[in-house]
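# Results of the structural survey
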Amino acid sequence: MESIRPDTTDPIPLRPAPSQFGTIMLRFVGLLAVAIAVLALVYSR
């Protein structure tokens, strides 16, 4: 049985790049703020 090896010896990235993580967090916080604002408006009426 042959062992198959990749062409490159670069390690497999286990997590996304910090910039992508920052973008995801920014979207999450933004959507959370919008949801809280909408709920506050609905509750105040």
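Residues numbered from 1 in each chain as written. Predicted model: local features only at pLDDT ≥ 70, side-chain atom pairs only at ≥ 80, totals over all residues. Heavy atoms only, no water.

## Let's talk about the overall build of the chain
Looking only at helices and strands, the chain has one helix and zero strands in total. Scored against the burial criterion, the 45 residues of the chain give a buried share of 0%. (Helix = DSSP H or I, 4+ residues; strand = E, 2+ residues; numbered from the N terminus. Buried < 20%, exposed > 50% of the residue type's maximum accessible area, 1.4 Å probe, protein only.)

## A look at a nonpolar patch on the surface
There is a patch of nonpolar side chains on the surface, built from Phe21, Met25, Phe28, Val29, Leu32 and Ile36 and spanning about 600 Å² of accessible area. Structurally, phenylalanine 28 is set in helix α1 (residues 18–44). By relative accessible area, which is 51% here, phenylalanine 28 ends up exposed. (Patch = residues over 30% accessible without salt bridge, like charges linked within 9 Å, V, L, I, M, F, W, Y side chains within 5 Å. Areas by Shrake-Rupley, 256 points an atom, 1.4 Å probe, with all protein chains shown as cover. Salt bridge = Lys/Arg side-chain N within 4 Å of Asp/Glu carboxyl O.)

## Concerning the UniProt feature "transmembrane region" (unreviewed entry) in the chain
On the UniProt side, "transmembrane region" (unreviewed entry) is annotated at positions that read residues 24–43 here. A distance of 28 Å separates the end C-alpha atoms of residues 24–43, which is 100% helix and 0% strand. (UniProt positions renumbered as here; feature names shortened; annotations may be inferred.)

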